[in-house]
Amino acid sequence: MNTHQNKVVEFEDLGTKEYQPAWDYQEKLMKDIIDTKIKNRDLPAEQHITTSNHFLLVEHPHVYTLGKSGHEENMLAGMDQLKEIDATFVKVNRGGDITYHGYGQIVGYPILDLENFFTDIHKYMRNLEEVIIRTIAEYGLKGERSPGETGVWLDVGKPYARKICAMGVKASRWVTLHGFALNVNTDMRYFEYIIPCGIKDKQVTSIKRELERDLTPEEMEDIKAKIRKHFSDVFEAELVSR
């Protein structure tokens, strides 16, 4: 266990960024933390270097990503069709199946050393869900967990249950990578080209679809601010802008 627990999290809003450079950046931050942890193994406890934590928010241009346990047949569009809809396809090293990222969707990537918080991946996933549940509650939406299915859902247990936020993470030496994707103003037609998360009989939704109106750029910023606040509360962390 980390003897110098650091609950300060460096926050960055990356704006709109292509998927691959954002992934490369996450990988770099993760590597830096892991390198520090490896150094610490050879040092007496009182000389341990404190590891950092990061939380990135970003919007991606249209992209489909397939997790390492995913099935390529859940991607229903071929390469030509992807070109037509101006989307790309990337295989990634997170858990979970296929998902879509695009404009109007807020994607969150926490790169945390969980030894600064708690060493429990299950709790980490539930905490991420809790951040989103609290955020969308401020818009009158009752987010819920669906047993055996990660992410945040509406109307769980009903025939019209639908997912509003997808999640997929990877952890190495208790350092997290990847995260969540909250559909806000998302163009939901892009989900028609995949079987989202490999779940055939479930629908996807967005805050826009639920409220039956577009959210303004100011409201998008407001949602990001709410995510930051609830992240800070749920993880008992101090977020500082980088």
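- Per an unreviewed UniProt entry, the chain goes by Octanoyltransferase and derives from Chryseobacterium wanjuense.

### Some words on helix 5 (residues 217–234)
Stage number 1. Helix length check: helix 5, at 18 residues, gives a terminal C-alpha distance of 26 Å against a target of 26 Å (1.5 Å per residue), a fit within 8%.
Stage number 2. Among the residues of helix 5, Glu-219, Met-220, Ile-223, Lys-224, Lys-226, Ile-227, His-230, Phe-231 and Val-234 are the ones counted as buried. Along the long axis of helix 5, the arc covered by the buried residues comes to 160 degrees, so they all point the same way. Turned more than 90 degrees away from the buried face of helix 5 sit Pro-217 and Glu-218, all of them exposed.
Stage number 3. Once helix 5 finishes, Glu-236 follows within two positions and takes phi at roughly 50 degrees, a positive value.

### Section: the environment of Val-8
Stage number 1. Within the element layout of this structure, Val-8 appears in strand 1 (residues 8–16).
Stage number 2. Each C-alpha atom of the pair Val-8 and Glu-238 lies 4.7 Å from the other, and the pair is 230 residues apart in sequence.
Stage number 3. Not counting the four nearest positions on each side in its chain, Val-8 is found in contact with Asn-53, Glu-238 and Val-240.

### Things to note about the UniProt feature "site: Lowers pKa of active site Cys" (unreviewed entry) in the chain
Stage number 1. Residues given the UniProt feature "site: Lowers pKa of active site Cys" (unreviewed entry) here are Lys-163.
Stage number 2. Inspection of the secondary structure assignment puts Lys-163 in strand 9 (residues 162–172).
Stage number 3. Looking at Lys-163, the relative accessible area reads 6%, which means it is buried.

### Things to note about the environment of Tyr-124
Stage number 1. As for its position among the elements, Tyr-124 is in helix 3 (residues 121–137).
Stage number 2. A sequence separation of 10 residues divides Tyr-124 from Leu-114, and the C-alpha atoms of the two residues are 8.3 Å apart.
Stage number 3. In contact with Tyr-124, not counting residues within four places along its chain, are Pro-110, Leu-112, Leu-114, Phe-118, Val-169, Thr-176 and Phe-235.

### Notes on unusual backbone geometry
Stage number 1. Even without being a glycine, Asp-86 presents a positive backbone phi close to 60 degrees.
Stage number 2. Tracing the chain through its elements places Asp-86 in the loop between helix 2 (79–84) and strand 4 (88–91).
Stage number 3. Judged by its relative accessible area of 58%, Asp-86 falls in the exposed class.
Stage number 4. With a phi angle near 70 degrees, Trp-174 is a residue other than glycine that sits in the positive phi range.
Stage number 5. Structurally, Trp-174 can be placed in the loop between strand 9 and strand 10 (175–183).

### Digging into the packing of aromatic side chains
Stage number 1. One pass over the full model with this rule turns up 11 aromatic pairs.
Stage number 2. A centroid spacing of 6.3 Å and a plane angle of 50 degrees characterise the contact between Phe-55 and Phe-180, whose relative ring orientation is tilted. Separated by 125 residues along the polypeptide, Phe-55 in strand 2 (residues 54–59) and Phe-180 in strand 10 bring together distant segments of the chain.
Stage number 3. On the numbers, 5.5 Å between centres and 50 degrees between planes, the contact of Tyr-64 with Tyr-100 is tilted. With a gap of 36 residues between them, Tyr-64 in strand 3 (residues 63–66) and Tyr-100 in strand 5 (residues 98–101) connect regions that are remote in the sequence. Across the pair, Tyr-100 and Tyr-64 agree in class, each one buried.

What counts, and where the lines are drawn
Residues numbered from 1 in each chain as written. Predicted model: local features only at pLDDT ≥ 70, side-chain atom pairs only at ≥ 80, totals over all residues. Heavy atoms only, no water. Helix = DSSP H or I, 4+ residues; strand = E, 2+ residues; numbered from the N terminus. Expected span 1.5 Å × (residues − 1). Buried < 20%, exposed > 50% of the residue type's maximum accessible area, 1.4 Å probe, protein only. Arc of directions from axis to C-beta. Contact = heavy atoms within 4.5 Å. UniProt positions renumbered as here; feature names shortened; annotations may be inferred. Phe/Tyr/Trp six-rings, centres within 6.5 Å; stacked < 30°, edge-to-face > 60°.

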